[in-house]
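# Residue-level structural notes
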Amino acid sequence: MFNNMFNLNSRLERNLSIFAAILGGLLFTMSASPRAAIAETRASDKDGERANAEMLAQRTPLPRSRNTPVAAVPDDNGEFSIRLVNTTAAPIKYQVVGDTEDRFLMGDREITLTGLEDPVTVTFQRQDDGLLQAETKVFSQEGILEITFDETTALDMDRNALRVDESGWVYLN
């Protein structure tokens, strides 16, 4: 009987230790991310949205968004073109943010977007939600930045946006 009581006490102590560790971890996590809590409690009026956007812009970007440029756009009198090449069998939905609505590029097809000026962002996604690998190639004489899409199974290779900044640097995210 004394052994059963001892086993019960040690199980209780072990369970309490696990509970205390979990609770301590949660409390540490909540205190370590006060910016996220502040961002969620902002008002949704225009001033609140602007302040929230400014705060988010000041935060340290996630490692994937701090990537290095993959190319520089060929500048032809302030304008350039982007050729999208879909080598997959699936349609790809794409959009030039602020310029076009969602459009589709069918499998094994290509399209050239002309008259673009930096900065510009192009988003893309396979219609079947599969992962996309994107590779860039620059054709300076023609003023074209080519993006070739292929299927991938590697999460770290998946890309869904291309951004050209004010300086003409190209980033894939």
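Residues numbered from 1 in each chain as written. Predicted model: local features only at pLDDT ≥ 70, side-chain atom pairs only at ≥ 80, totals over all residues. Heavy atoms only, no water.

### Considerations on the overall build of the chain
Scanning the chain from terminus to terminus reveals 3 helices and 10 strands. For the chain, the α and β elements follow one another from N to C terminus as α-α-α-β-β-β-β-β-β-β-β-β-β. Expressed as a percentage of the 173 residues in the chain, the buried residues total 28%. Contacts spanning at least 24 positions in sequence make up 60% of the contacts within the chain whose residues lie at least 6 apart. Accessible surface for the chain amounts to roughly 12000 Å². Of this, 53% is attributable to carbon and sulfur atoms. (Helix = DSSP H or I, 4+ residues; strand = E, 2+ residues; numbered from the N terminus. Buried < 20%, exposed > 50% of the residue type's maximum accessible area, 1.4 Å probe, protein only. Contact = heavy atoms within 4.5 Å. Areas by Shrake-Rupley, 256 points an atom, 1.4 Å probe, with all protein chains shown as cover.)

### A word on the sheet that holds strand 5 (residues 109-116)
Taking strand neighbours across the sheet as the criterion, the 4 strands line up as 5-2-8-7 in an open arrangement whose pairing is mixed. Two strands bound the open sheet, and with one partner strand each, they are strand 5 and strand 7 (131-139). Averaged over neighbouring strand pairs, the angle between their axes works out to 20 degrees when direction is ignored. Summarising the sheet, strand 2 (residues 80-86) and strand 5 pair through 6 bridges and their orientation is antiparallel. Looking at the pairing, L84 lines up with I111 of strand 5. (Pairing = 2+ DSSP bridges. Axes fitted to C-alpha atoms, helices over the stretch in contact; angles between N-to-C directions.)

### Thoughts on the confidence of the model for the chain
Low pLDDT means the predicted atomic positions in that stretch should not be read closely. Put simply, the chain has an average pLDDT of 78, and 61% of its residues get 70 or more. Across residues 31-45, confidence stays below pLDDT 50; counting only partners more than four residues off in sequence or on other chains, it has 13 contacts. Between residues 59-65, whose pLDDT stays under 50, and residues either more than four places distant or in other chains, the model counts 7 contacts. (pLDDT = per-residue confidence, 0-100.)

### Digging into the pairing of strand 8 (residues 144-152)
Relative to strand 8, strand 2 runs parallel, the two sharing 6 bridges. Bridge pairing links L84 to I147 in strand 8. In terms of strand pairing, strand 7 meets strand 8 through 9 bridges, oriented antiparallel. Its bridge partner being in strand 8, F139 is matched across the sheet by I144. Between strand 7 and strand 8, which pair antiparallel in sequence order, lie 4 residues; one of them, G143, sits at a positive phi of approximately 70 degrees.

### Points about the pattern of salt bridges
Scanning the entire structure with this criterion turns up 4 salt bridges. In this structure, R83 engages E146 in a salt bridge whose closest nitrogen and oxygen atoms are separated by 2.8 Å. Remark: E146 occurs in strand 8 and R83 occurs in strand 2; sequence separation between them is 63 residues. Using a relative accessible area of 10% as the deciding quantity, one classes E146 as buried. One salt bridge connects R126 with D128, and the closest N-O pair in it is separated by 2.8 Å. (Salt bridge = Lys/Arg side-chain N within 4 Å of Asp/Glu carboxyl O.)

### As for the side chain of R126
Inspection of the secondary structure assignment puts R126 in strand 6 (residues 120-126). Here D128 takes part through its side chain, which lies 2.8 Å from a polar atom of the side chain of R126. (Polar contact = N/O pair within 3.5 Å; in protein donor to acceptor, adjacent residues only side chain to side chain.)

### Structural notes on the sheet that holds strand 3 (residues 92-96)
Taken in spatial order, the 6 strands of this open sheet run 1-10-9-6-3-4, and their pairing is antiparallel. Each edge of the sheet is formed by a strand with only one pairing partner; in this case those strands are strand 1 (71-72) and strand 4 (103-105). Pairing geometry for strand 9 (residues 161-164) and strand 10 (residues 169-172), over 3 bridges, is antiparallel. Along strand 10, the bridge assignment pairs L162 with L172.

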